[in-house]
Amino acid sequence: MSAFAPTVLAVGVVDERRIAGTAGVHVPWSQLGIAAPGDGRTFRAVFGRSDETFRRLDPASRTLVLAGAAAGLPQVLPAGRAAETGLVVETTLGCLDADLRFAASMTAGMCDGPVFAYTLPSTGLGELALRHGLRGPTVCLSTMAAQRGAALREAALLLATGECDVVVAGLVDVLATPCEGVEAGCRTVLTVLASPRLALPAVAPWPGEDAAAYERLLAAVVG
């Protein structure tokens with residue numbers, strides 16, 4: 001664990017139980033009457049405002065956008081810092097969900113063109129960055145479950161070296177339909193981290209960078 005401790009400004013989570021975050025959102029999927037990660041109407045149902053392109057997003061991108069909103073982006077970003085804010089996300093499943101959907105369309109003899117754009121694990125990061133003007137370093141890490149915390153380590157390094165003063169970091173693993181050897185599931189956690197140099201108030205202690213860091217973070221802020 002690094003001795004450098006970033007300031008935790010906000011947290012958002014989308015999992016199989018709920019959409020929740022430090023922006024005051026806590027909506028169980030049972031209340032919405034739909035399973036995670038929702039459908040084209042979910043963003044408006046939860047946040048009461050429209051997102052013009054949310055309907056076309058793949059499940060992984062959808063959870064990133066929802067988690068970002070639950071964390072309070074862009075309101076929580078320090079004034080004038082969005083354009084230099086970094087984005088680091090780790091994933092074990094990557095774009096497997098989109099890959100399977102696209103492969104199924106090819107097998108059926110009708111290529112699903114709109115899905116093809118999401119057959120890169122970094123596409124969801126782009127969707128999040130575009131919505132909030134995040135133009136700093138953008139990193140998508142492919143990790144094994146035992147390596148969990150890699151995005152937090154990378155974010156802390158960016159902040160410690162001064163490459164960024166603010167980084168949105170987290171994990172995304174979404175699979176709507178199970179495939180051989182892989183169960184369906186949904187878990188996305190995002191946190192907004194700032195350099196202690198900015199002297200901003202924290203919503204939770206820095207959780208560290210090990211495999212249990214996300215659990216500690218969620219326990220501290222959204223339960």
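Read on for a plain summary of the structure. Each chain has its residues counted from 1, following the order in which its sequence is written. Given that the model is predicted, a residue must reach a pLDDT of at least 70 before its local features are reported, and side-chain atom pairs must reach 80 or more before they are shown or counted; all residues, however, enter totals for whole chains, interfaces and linings. Remark: hydrogens and water are excluded; side-chain values derive from all non-hydrogen atoms of the structure.

In plain words, nonpolar cores are sets of buried Ala, Val, Leu, Ile, Met, Phe, Trp, Tyr and Cys residues tied together by side-chain atoms within 4.5 Å. Each residue is placed in one exposure class: buried if its accessible area under a 1.4 Å probe, protein chains only, is under 20% of its type's maximum, exposed if it is over 50%, and partly exposed if it falls in between. Ranked by size, the top nonpolar core spans 36 residues in total, and within it Ile19, Phe47, Leu66, Val168 and Val192 carry the most contacts. Elements are defined by DSSP. Helices are runs of H or I of four residues or more, strands are runs of E of two residues or more, and each kind is numbered from the N terminus. Broken down by secondary-structure element, the contributors of at least two residues to this core are β1 (7–15), α2 (42–47), α3 (59–71), β4 (86–91), α6 (123–132), β6 (166–175) and β7 (185–194). The dominant element in this core, judged by the number of residues it contributes, is α3, at eight residues. Other than its neighbours up to four places away in sequence, valine 168 contacts Leu73, Thr85, Gly86, Leu87, Val88, Leu128, Leu134, Leu190, Thr191 and Val192. Here, two residues are considered to be in contact whenever any of their heavy atoms come within 4.5 Å of each other.

What follows covers the packing of aromatic side chains. What counts as a ring pair is set by centres within 6.5 Å for rings of Phe, Tyr and Trp (its six-membered ring), and what kind of pair is set by the plane angle: stacked under 30 degrees, edge-to-face over 60, tilted for all other angles. Overall, the coordinates contain two aromatic pairs when judged by the stated rule. Seen from their ring centres, phenylalanine 43 and phenylalanine 47 are 4.9 Å apart, and the 45° between their planes marks the pair as tilted. Taken together, the residues span about one helical turn, with phenylalanine 43 and phenylalanine 47 both in helix α2 at a distance of four residues. Accessibility classification places phenylalanine 43 together with phenylalanine 47 in one group, the buried group. With a centroid separation of 5.6 Å and an interplanar angle of 50°, the aromatic rings of phenylalanine 43 and phenylalanine 54 are classed as tilted. Residue phenylalanine 43 is found in helix α2, and its partner phenylalanine 54 is found in the loop between α2 and α3; the two are separated by 11 residues along the sequence. Among the aromatic residues, ring-to-ring pairing joins Phe43, Phe47 and Phe54 into one connected group.

For cavity detection a 1 Å grid was placed over the protein atoms alone, and a set of points counts as a cavity when a 1.4 Å probe fits there but cannot get out; an open set counts as a pocket when protein lies on both sides within 12 Å along at least five of seven lines, with lining residues being those that have an atom within 4 Å of a point. Grid points are joined across faces, edges and corners, and a volume is the space filled by probe spheres set on the points. One pass over the structure, following the stated rule, counts one cavity of 30 Å³ or more. Its volume calculated, the largest cavity comes out at about 120 Å³. Lining the largest cavity we find 18 residues, and of these Ala60, Gly94, Leu120, Pro121 and Gly124 sit closest to its centre. Those elements giving two or more residues to the lining of the largest cavity turn out to be α3, β4, α6 and β6. Three classes are used, and their members are as follows: Ala, Val, Leu, Ile, Met, Phe, Trp, Tyr, Cys and Pro are nonpolar, Asp, Glu, Lys and Arg are charged, and the others, Gly among them, are polar. A breakdown of the residues in the lining of the largest cavity according to their chemical character gives 11 nonpolar, five polar and two charged.

Okay, the side chain of threonine 7 next. Tracing the chain through its elements places threonine 7 in strand β1. With residues up to four places along the chain from it excluded, the contact list for threonine 7 reads Val192, Leu193, Ala194, Ser195, Pro196, Leu200, Pro201 and Ala202.

Take the environment of valine 89 next. Here valine 89 shows up in strand β4. Remark: the alpha-carbon pair of valine 89 and glycine 133, spanning 44 residues in sequence, is separated by 16 Å. Excluding residues that lie within four positions of it along the chain, valine 89 makes contacts with Leu64, Leu125, Val139, Cys140, Leu141, Ala151, Gly170, Leu171, Val172 and Leu190.

Before going further, it helps to spend a moment on the sheet that holds strand β3 (residues 26–28). Taken in spatial order, the seven strands make up an open sheet running β3-β2-β1-β7-β6-β4-β5, and their pairing is mixed. For this open sheet the edge positions go to β3 and β5 (138–142), each flanked by a neighbour on one side alone. With strand direction ignored, the average angle separating the axes of adjacent strands in the sheet is 10°. When β6 meets β7, the two strands line up antiparallel, connected through 10 bridges. Bridge pairing in β7 links leucine 171 to valine 189. Only C-alpha atoms enter the line fits that serve as axes; for helices the fit covers just the stretch in contact. Angles between N-to-C directions range over 0 to 180 degrees. Together, β1, β2 (18–21), β4, β6 and β7 form the strand contacts of α3, whose direction differs from that of β1 by roughly 135°. Two strands form a pair only when DSSP identifies at least two bridges running between them.

Looking now at α3. Expected span, for any helix, means 1.5 Å times one less than how many residues it has. When the terminal C-alpha atoms of α3 are compared, their 18 Å separation across 13 residues agrees well with the 18 Å that a helix rising 1.5 Å per residue should span. When you tally the buried positions in α3, you get 13 out of 13 residues, the bulk of the element. Of the residues one or two after α3, glycine 72 is the one with positive phi, at around 95°.

Below, the discussion takes up unusual backbone geometry. Put simply, alanine 36 and proline 37 share a cis peptide bond, and its omega is 5°. Tracing the sequence through the fold places proline 37 in the loop between α1 (29–32) and α2. Each neighbour pair has its own omega, and for leucine 73 with proline 74 the value is 0°, a cis peptide bond. Mapped onto the fold, proline 74 is located in the loop between α3 and β4. The backbone of alanine 199 sits at a positive phi, close to 55°, despite the residue not being glycine. Within the secondary structure layout, alanine 199 lies in the loop between β7 and α8 (213–221). According to the relative accessible area criterion, alanine 199 is exposed, its value standing at 65%.

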